[in-house]
Amino acid sequence: MPATASTDKLLFTPGPLTTSMSVKQAMLRDLGSRDAEFIATVRRVRSRLLAAAGLSRQDGYEAVLLQGSGTYGIEAVLTCAVPPGGKWLAVANGTYGERMVKILRMHRIDHAVIRAPENQPTDPTAVDAALATDPAITAVAVVHCETTTGLMNPVEQIGRVVHQHGRTFFVDSMSAFGAVEFGFRAAHIDFLVSSSNKCIEGVPGFSFCIARREALLASETWSRTLVLDLCAQWKGLDADGQFRFTPPTHAILAFDQALSELEAEGGPAGRAARYSACHRTLVAGMKAMGFEMFLPPEIQGHIITSFRCPADPNFQFDAFYRHLSDRGYVIYPGKVSQADCFRIGTIGRLTQADVTSLLDAIADVLSEMGITNTSAS
Ligand SMILES: Cc1ncc(COP(=O)(O)O)c(C=O)c1O
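Residues numbered from 1 in each chain as written. Predicted model: local features only at pLDDT ≥ 70, side-chain atom pairs only at ≥ 80, totals over all residues.

### Quick word on the overall build of the protein
Moving on, step 1. A tally of helices and strands in the protein yields 12 helices and 14 strands.
Moving on, step 2. Taken over the C-alpha trace, the protein has a radius of gyration of 21 Å; the compact-globule value for 377 residues is 21 Å, and the two agree within 12%.
Moving on, step 3. Partitioning the contacts of the protein with sequence separation of at least 6, the portion at a separation of at least 24 is 72%. (Helix = DSSP H or I, 4+ residues; strand = E, 2+ residues; numbered from the N terminus. Rg over C-alpha atoms; globule rule 2.2 N^0.38 Å. Contact = placed C-beta atoms within 7 Å.)

### Some thoughts on the environment of glycine 334
Moving on, step 1. As for its placement among the helices and strands, glycine 334 is situated in the loop between strand S13 (332-333) and strand S14 (341-345).
Moving on, step 2. Accessibility expressed as a C-beta count within 10 Å gives 18 for glycine 334, which makes it partly exposed.
Moving on, step 3. Put simply, glycine 334 and arginine 308 are 26 residues apart on the chain and 8.8 Å apart in space, counted from C-alpha to C-alpha.
Moving on, step 4. With residues near it in sequence (within four places) discarded, glycine 334 still touches Ser306, Asp340, Cys341, Phe342 and Arg343. (Buried ≥ 20, exposed ≤ 12 C-beta atoms within 10 Å, placed from the backbone.)

### Observations regarding the domain arrangement of the protein
Moving on, step 1. Domain boundaries in the protein define domain 1 (22-264) and domain 2 (267-369).
Moving on, step 2. Between the C-alpha centres of domain 1 and domain 2 there is a distance of 28 Å.
Moving on, step 3. Facing the 23 residues of domain 1 at the interface are 22 residues of domain 2.
Moving on, step 4. Going through the elements one at a time, strand S7 (151-152) and helix H9 (249-264) are the ones with two or more residues in the side of domain 1 that touches domain 2.
Moving on, step 5. Of the residues contributing to the side of domain 1 that touches domain 2, the split by class is 10 nonpolar, 8 polar and 5 charged. (Domains from an automatic or database assignment. Nonpolar A, V, L, I, M, F, W, Y, C, P; charged D, E, K, R; others polar.)

### Observations regarding the sheet that holds strand S11 (residues 304-308)
Moving on, step 1. With antiparallel pairing, 3 strands are arranged side by side in an open sheet as S11-S14-S13. Each end of this open sheet is capped by a strand with a single partner; those strands are S11 and S13.
Moving on, step 2. The pairing of S13 with S14 spans 2 bridges and is classified as antiparallel. Pairing of proline 333 across the sheet is with phenylalanine 342, part of S14. (Pairing = 2+ DSSP bridges.)

### Digging into the site of the ligand
Moving on, step 1. Inspection of the region around the ligand gives 13 residues, with Ser69, Gly70, Thr71, Thr147 and Met174 positioned closest.
Moving on, step 2. In the shell around the ligand, the residues fall into 5 nonpolar, 7 polar and 1 charged. (Near = placed C-beta within 6 Å.)

### Focus on the nonpolar core
Moving on, step 1. Among the nonpolar cores identified, the biggest contains 112 residues, and Val64, Val77, Val140, Ala141, Phe191, Cys209 and Leu230 are the most heavily contacted of them.
Moving on, step 2. Examining the composition of this core, we find that 8 residues originate from one element, H9, more than from any other.
Moving on, step 3. Leaving out residues up to four positions away in the same chain, valine 140 has contacts with Leu89, Val91, Val127, Val162, Arg167, Phe169 and Phe170. (Core = buried A, V, L, I, M, F, W, Y, C linked by C-beta atoms within 7 Å.)

### Some words on the sheet that holds strand S10 (residues 206-212)
Moving on, step 1. Taking strand neighbours across the sheet as the criterion, the 7 strands line up as S2-S10-S9-S8-S5-S3-S4 in an open arrangement whose pairing is mixed. The open sheet has two edge strands, strand S2 (61-67) and strand S4 (111-115), and neither has a second partner. The average angle at which neighbouring strand axes cross in this sheet is 20°, direction not considered.
Moving on, step 2. Across 4 bridges, the pairing between strand S3 (residues 87-92) and strand S5 (residues 137-143) is parallel. (Axes fitted to C-alpha atoms, helices over the stretch in contact; angles between N-to-C directions.)

Spelled out as structure tokens, the structure:
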């Protein structure tokens, strides 16, 4: 694995993430968006993304790159994948499920919502019941890894249910794609979105959608916006390799390098192995210090982990964060609505040795802050 070799702080966050020096260096070029080299890079990136999903164009799938952060890709699918008068079923058990509901509300697109508590995965039988009773629903949207907590939703089981009912299936796999093994086709996914700066370990700048070509073609006249028109974006890329609007050329060069590094690590299986090892080291070390996890281990993924804030009166998250940041480690505040938590990500260019040094820094900070009770009660 190429060294980070950087004096930057290590980012134990859900993104932006720590990237390798070689990914950063790949950006030290200026390429014209109509230059043959850039067009070939975009073509290569699109087919490597399909390969990372275990797919190819021959199987009937397409990878579409879209300028903007991950949410732009989510909003694109939500506003393109149902026809006028169509209806979404959004499944929410955290902030990112709720964000999808907010997008649908803002676009005045009809939708139903199944909500589950933030510490419970979505129940596929609830999706089954909703689809059986509401024939107006044309598509279902679910979050793969709910980054609010780190919970993994059972996308393959939900996808099978959606397929049995003949509806379109959309997965927000923002924080999971590239580092969680799953069967894209077994899950009957029509649209999946992630972004350049999550588990592929590129830099921020664009989102991407992996879509079943027939589903993409069906959406040709359904977009509610110009810039987020996925089918038009795909057709532009396919016709002459051109983006419709100024592309993030440097971020795409970095992403091409990041994909080489993903492949060298053994693809999503290899990356999942490194992230899982980092997650296990983190959890063992935090538990040894007395911290409590928010989620039960069986639904906790290896992407990001929520820990309950210690009950000790000397604990204040802002001070804890600042002390760690001063030592070169950036963690993340909590997002859980009913519990006081903070989060530590184990994605990006991090190793088990980095996690061990974070744990040492946490022990040091606890002692400096005079925190003796790390349990939540
Ligand atoms: C599951 C999920 N969905 C959506 C987003 C939003 O992505 P962005 O902040 O890149 O717009 C995130 C960001 O972490 C995420 O984890």
